[in-house]
Amino acid sequence: MPPLKILILGGTGEASALAGLLAGNSRFSPMLSLAGVTASPRLPDIPWRSGGFGGVAGLTSYIEEQNIQALIIATHPFAVQMRANATAAGRATQIPLLFIERPAWQAKQGDNWREVAGMTKAAAALGNSPRRVLLTIGRKDLAPFAATPWHDYLIRSVDAPPPETLPPRAKIVTARGPFTQIEDQQLLAEHRIEVIVTKNSGGTATESKLHAARALGLPVIMVARPEWPDVTGLNAVKTGDAPGALAWLETLHHATLRGA
Ligand code: NAP
């Protein structure tokens, strides 16, 4: 029986972890797809490709031409376009879909979170008086903060945002997690940060800022996760991590063997 052909839509630690679990496993023939937006991505020990497919039609053609038998959507919880495209391509091709989504962060005792739906509401929640803000939302959703230019922003992202998207008086720190609570407390203290704005990404790599905020008594504006696409009628399953994805793939492999 030839190996099961898998396409993994990546760009997350979970996708990298799954690639590590699949490397050298002769039952599977995986391809990790990266968006190509990070200057120096972490590269896996399995075959990989980089760059968009060209929307739903491009992804559907790729799946058909490469005879992909399972699609793993291991993109970031806020990468909504890719998730929607993958769902639509799954509908068009009827291949099994597995979503890997790490659990969301939950507020703990001592946290002072305000949950908001979307970046525009996050910018509005900062209020009308100038504040010193740590923005850890990536680099492509900055526009709403340019519309609230009276705050001082410290923006932390893996790669620097395009200068034309920056609010005035913004400072940039380029860094890739994981970070430690001590490092984050130092950063917050050094820049006299008064409030943090973050997406509810979940996971451990960037969670330290929440521990630091709790320790320093700082408020956090937490952007809630976007809605899920409608997967009604699809062979679609959700898991929280890479081992869960491997277990699903093993089951699919057995089922394919039995059906062969
Ligand atoms: P997005 O808005 O959902 O997707 C925009 C377009 O980028 C997609 O339509 C697709 O282009 C292409 N794309 C996205 N992920 C891809 C992948 N894994 N392989 C090939 N093409 C991909 O995505 P985004 O929010 O810009 O995120 C881009 C990448 O960064 C994703 O891989 C995501 O997992 C990662 N990431 C995102 C965030 C975040 O907060 N959004 C945080 C950390 C990491 P086509 O339509 O041409 O196929």
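Keep in mind it's a predicted model, so treat the numbers as computed, not measured. Per-chain numbering applies: the sequence of each chain, read as written, is numbered from 1 onward. Local features in this predicted model are restricted to residues of pLDDT 70 or higher, and side-chain atom pairs are both shown and tallied only at a pLDDT of 80 or more, whereas totals for entire chains, interfaces and linings draw on every residue. No hydrogens and no water enter the side-chain calculation; it runs on all heavy atoms of the structure.

1. Examining the overall build of the protein
Each helix is a run of DSSP H or I of at least 4 residues and each strand a run of E of at least 2, with the numbering of both proceeding from the N terminus. Scanning the protein from N- to C-terminus turns up 8 helices and 12 strands. Only C-alpha atoms enter the radius of gyration, while the globule expectation follows 2.2 Å times N to the 0.38, with N the number of residues. Here the C-alpha radius of gyration of the protein, 20 Å, is about what a compact globule of 260 residues would show, namely 18 Å. Counting only C-alpha atoms and orienting by the principal axes, one finds that the protein spans roughly 65 × 35 × 35 Å. Per-residue burial for the protein yields a buried fraction of 45% across its 260 residues. Only protein chains enter the accessibility calculation, which uses a 1.4 Å probe. A residue is then buried if its area is under 20% of the maximum for its type, exposed if over 50%, and partly exposed in between.

2. Describing the site of the ligand
By convention in this text, a residue qualifies as near a molecule or strand provided that one of its non-hydrogen atoms is within 4 Å of it. Inspection of the region around the ligand gives 22 residues, with Gly 10, Ser 33, Phe 53, Lys 140 and Lys 199 positioned closest. Counting of polar contacts relies on pairs of N or O atoms within 3.5 Å, with two restrictions inside protein: one atom must be capable of donating a hydrogen and the other of accepting it, and residues adjacent in sequence are counted only when both atoms are side-chain atoms. Separating an oxygen atom of the ligand from a backbone N or O atom of Met 82 is a distance of 2.8 Å. For the ligand, an oxygen atom lies 3.3 Å from a polar atom in the side chain of Asn 85. Computed by Shrake-Rupley with a 1.4 Å probe, the accessible areas treat only the displayed protein chains as cover when residues are assessed. Protein chains bury 78% of the 810 Å² of accessible surface belonging to the ligand in isolation. Elements supplying a minimum of two residues to the shell around the ligand: strand 2 (28-34) and helix 3 (80-93). With 4 residues, the top contributor of residues to the shell around the ligand is helix 3. Here the nonpolar group is Ala, Val, Leu, Ile, Met, Phe, Trp, Tyr, Cys and Pro; Asp, Glu, Lys and Arg are the charged ones; every other residue, Gly included, is treated as polar. Counted by class, the shell around the ligand contains 8 nonpolar, 11 polar and 3 charged residues.

3. Details of the packing of aromatic side chains
Working definition: rings of Phe, Tyr and Trp (its six-membered ring) pair if their centres are within 6.5 Å, and the pair is stacked with planes under 30 degrees apart, edge-to-face with planes over 60 apart, and tilted otherwise. Scanning all chains against the criterion turns up 3 aromatic pairs. When the centroid spacing of 5.2 Å and the interplanar angle of 70 degrees are considered together, the rings of Phe 53 and Tyr 62 count as edge-to-face. Here the two residues Phe 53 and Tyr 62 agree in accessibility, since each one is buried. Centroid distance Phe 145 to Tyr 153: 5.8 Å. Interplanar angle 75 degrees. Geometry classified as edge-to-face. Under the relative-accessibility criterion, Tyr 153 is labelled buried at 2%. Charge over a ring is defined by NZ of Lys or CZ of Arg lying within 6 Å of the ring centre and within 35 degrees of the ring normal. It is Arg 49 that lies over the ring of Phe 53; its NZ or CZ is 3.9 Å from the centre. A cation over a ring is seen here: Arg 83 above Trp 228, with NZ or CZ 4.2 Å from the ring centre.

4. Quick word on the sheet that holds strand 11 (residues 220-223)
If DSSP finds at least two bridges between two strands, the strands pair. In spatial order, the strands read 6-11-10-7-8-9; together these 6 strands make up an open sheet with parallel pairing. Each edge of the open sheet is held by one strand with a lone partner, namely strand 6 (113-116) and strand 9 (171-174). Going across the sheet, the axis of each strand differs from the next one's by a mean of 20 degrees, ignoring polarity. As paired strands, strand 7 (residues 132-136) and strand 8 (residues 152-157) are joined by 4 bridges and run parallel to one another. Residue Val 133 lies in a different strand from strand 8, and its bridge partner there is Tyr 153. It only takes one pair of heavy atoms within 4.5 Å for two residues to be counted as in contact. Fitted lines through C-alpha atoms give the axes, limited to the stretch in contact for helices. The angle between two N-to-C directions lies from 0 to 180 degrees. Contacting strand 7, strand 8, strand 9 and strand 10 (195-199), helix 6 (residues 181-190) runs over the sheet at an angle of about 155 degrees to strand 8. Each of strand 6, strand 7, strand 8, strand 10 and strand 11 is contacted by helix 7 (residues 208-216), which is oriented at about 155 degrees to strand 10, the strand it contacts most.

5. Observations concerning helix 8 (residues 242-259)
Helices are assigned an expected span. That span is 1.5 Å times one less than the residue count. For helix 8, which comprises 18 residues, the first-to-last C-alpha distance of 25 Å matches the rise-based estimate of 26 Å (1.5 Å per residue) to within 8%. Taken as a whole, helix 8 has its buried residues at Ala 242, Ala 245, Leu 246, Trp 248, Leu 249, Glu 250, Leu 252 and His 253. In this structure, the buried side of helix 8 is in contact with strand 1 (4-9), helix 1 (13-22), strand 2, strand 4 (70-73), strand 5 (97-100) and strand 12 (236-239). A side-chain oxygen of the first residue of helix 8 lies 2.9 Å from the backbone nitrogen of Gly 244; this N-cap is Asp 241.

6. Some remarks on helix 7
Since the α-helix packs 3.6 residues into each turn, any two residues three or four apart lie on the same face. Within the span of helix 7, buried status applies to Ser 208, Lys 209, Leu 210, Ala 212 and Ala 213. Packing partners of the buried residues in helix 7 comprise strand 6, strand 7, strand 8, helix 6, strand 10 and strand 11. Trailing helix 7 by a residue or two, Gly 217 shows a phi angle of about 70 degrees, which is positive.

7. Focus: the sheet that holds strand 2
Ordered in space as 3-2-1-4-5-12, the 6 strands form an open sheet in which the pairing is parallel. Pairing within the sheet leaves two strands with one partner each, and these edge strands are strand 3 (48-50) and strand 12. Neighbour-to-neighbour, the strand axes of this sheet turn through a mean angle of 20 degrees, independent of strand direction. For strand 5 and strand 12, the ladder comprises 4 bridges, and the chain directions are parallel. The residue bridging Leu 98 from the neighbouring strand is Val 237, located in strand 12.

8. Points about the domain arrangement of the protein
Boundaries between domains were set according to an automatic or database domain assignment. Taken domain by domain, the protein comprises domain 1 (4-103 + 226-259) and domain 2 (113-223). Look at where the C-alpha atoms of domain 1 and domain 2 centre, and you get two points 30 Å apart. Counting residues at the interface gives 11 residues for domain 1, matched by 11 residues for domain 2. Overall, the association of domain 1 and domain 2 removes approximately 800 Å² of surface from exposure, summing both partners, and the carbon and sulfur fraction of that is 46%. For the domain 1 face of the interface with domain 2, the top three residues by lost area are Arg 42, Phe 78 and Arg 102, together amounting to 53%. Put simply, buried area is how much 1.4 Å-probe accessible surface two parts lose in total, over both of them, once they are put together.

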